[in-house]
Amino acid sequence: MCAEPIPSEHGHVADLDTRGIMCTCRGCFLLFTNTGAGGNRFRAIPDRYRYDPDFALSQAAWDAIGIPVRMAFFFTNSVLGSTVAFYPSPAGATECLLSLEQWQRVITDNPDFADVAPDVEALLVTRSDTGFECFLLPIDACYRLVGLVKMHWKGFDGGTEAWAAIDAFFDELRQRGHG
């Protein structure tokens, strides 16, 4: 965004027009922390993580949402004025084209996750053998998961390397979300 060198530890800003994520220096990051800065085109991506082990979602509710895979992330796209969902896949982030009307019930049943910042934070939901887990996290972390899947996935089921990377990612989220 400017000519300032970007250190290895740096923030990110979302371009709401292109849906792109940019690395930024500290000054540019801070410039876009206020809603409306830059004509509402850019928004700083916060570094907030939350995990609730008591997240309530049944298999029937997941099926009613219509998500055909094990994990998806949901966020409010302010340009569209609605919730959108994406699946991490070997081809990248795949947008869910299903109606997400049932998603609002999930949020109503889990009010601790109702304060997700539009465009820059998401709710990542994953299904395991013991049920569903939900994480509030920065949108760039969702795309980091997409990158892990894309980089490690082999064959139909992903393979042990992919699942080891995915499991490590979720272990990190659990630790960060309790802090």
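Anyway, here's the lowdown on the structure attached to this text. In this text the structure is predicted, and so the values were computed from the model without any measurement.

1. What to know about the pairing of strand E6 (residues 82–89)
Right, so step 1: Counting buried positions along E6 yields 6 of 8 residues, so the element is predominantly enclosed.
Right, so step 2: Here strand E5 (residues 71–77) folds back onto E6, and the loop between the two strands holds 4 residues, one of which, Gly 81, carries a positive phi near 70°.
Right, so step 3: Of the strand pairs in this sheet, E6 and strand E7 (residues 92–95) are connected by 4 bridges, and their pairing is antiparallel. Bridged to Tyr 87 within E7 is Thr 94.

2. A look at the nonpolar core
Right, so step 1: One finds Phe 73, Leu 124, Leu 137, Leu 145, Phe 169, Phe 170 and Leu 173 to be the most contacted residues of the largest nonpolar core, which totals 27 residues.
Right, so step 2: Within the residue set of this core, elements represented by two or more residues are E5, E6, strand E8 (121–128), strand E9 (131–138), helix H4 (139–152) and helix H5 (159–178).
Right, so step 3: Take this core: its biggest share by element is 7 residues, from H4.
Right, so step 4: Contact partners of Phe 73, with chain neighbours within four places excluded, come to Val 84, Ala 85, Phe 86, Ala 122, Leu 123, Leu 124, Ile 139, Cys 142, Tyr 143 and Val 146.
Right, so step 5: By size, the runner-up hydrophobic cluster in this structure holds 21 residues, among which are Phe 55, Trp 62, Tyr 87 and Val 116.

3. Side note on the side chain of Arg 43
Right, so step 1: Mapped onto the elements of the fold, Arg 43 is located in strand E3 (residues 42–44).
Right, so step 2: Arg 43 gets classed as buried once you look at its relative accessible area, which sits at 14%.
Right, so step 3: For Arg 43, the side chain forms a polar contact with the side chain of Asp 119, separated by 2.8 Å.
Right, so step 4: The contacts of Arg 43, once residues within four sequence positions are left out, are His 12, Val 13, Ala 14, Leu 16, Phe 32, Thr 35, Ser 78, Pro 118, Asp 119 and Val 120.

4. Observations regarding the environment of Gly 81
Right, so step 1: When you line up the elements, Gly 81 lands in the loop between E5 and E6.
Right, so step 2: For Gly 81, a relative accessible area of 60% puts it in the exposed group.
Right, so step 3: C-alpha of Gly 81 to C-alpha of Pro 118: the two residues are 37 residues apart in sequence and 9.4 Å apart in space.

Quick notes on the rules
Each chain has its residues counted from 1, running along the sequence as written. Since the coordinates come from a predicted model, pLDDT governs what is reported: local features require at least 70, and pairs of side-chain atoms require 80 or more to be given and counted, while whole-chain, interface and lining totals use all residues. As a rule here, side-chain values cover all heavy atoms of the structure and leave hydrogens and water aside. Three exposure classes are used, based on accessible area relative to the maximum for each residue type with a 1.4 Å probe and protein chains only: buried under 20%, partly exposed in between, and exposed over 50%. In this text, helices come from DSSP runs of H or I with a minimum length of four residues, and strands from runs of E with a minimum of two, each type numbered from the N-terminal end. Here the rule is simple: two strands pair whenever DSSP picks up at least two bridges between them. By nonpolar core is meant a set of buried Ala, Val, Leu, Ile, Met, Phe, Trp, Tyr and Cys residues that side-chain atoms within 4.5 Å join together. By definition in these notes, contact holds between two residues if any of their heavy atoms fall within 4.5 Å. Each polar contact in these results corresponds to two N or O atoms within 3.5 Å; when the atoms are within protein, one needs to be able to donate a hydrogen and the other to accept it, and residues that are neighboring in sequence are counted only if both atoms are side-chain atoms.

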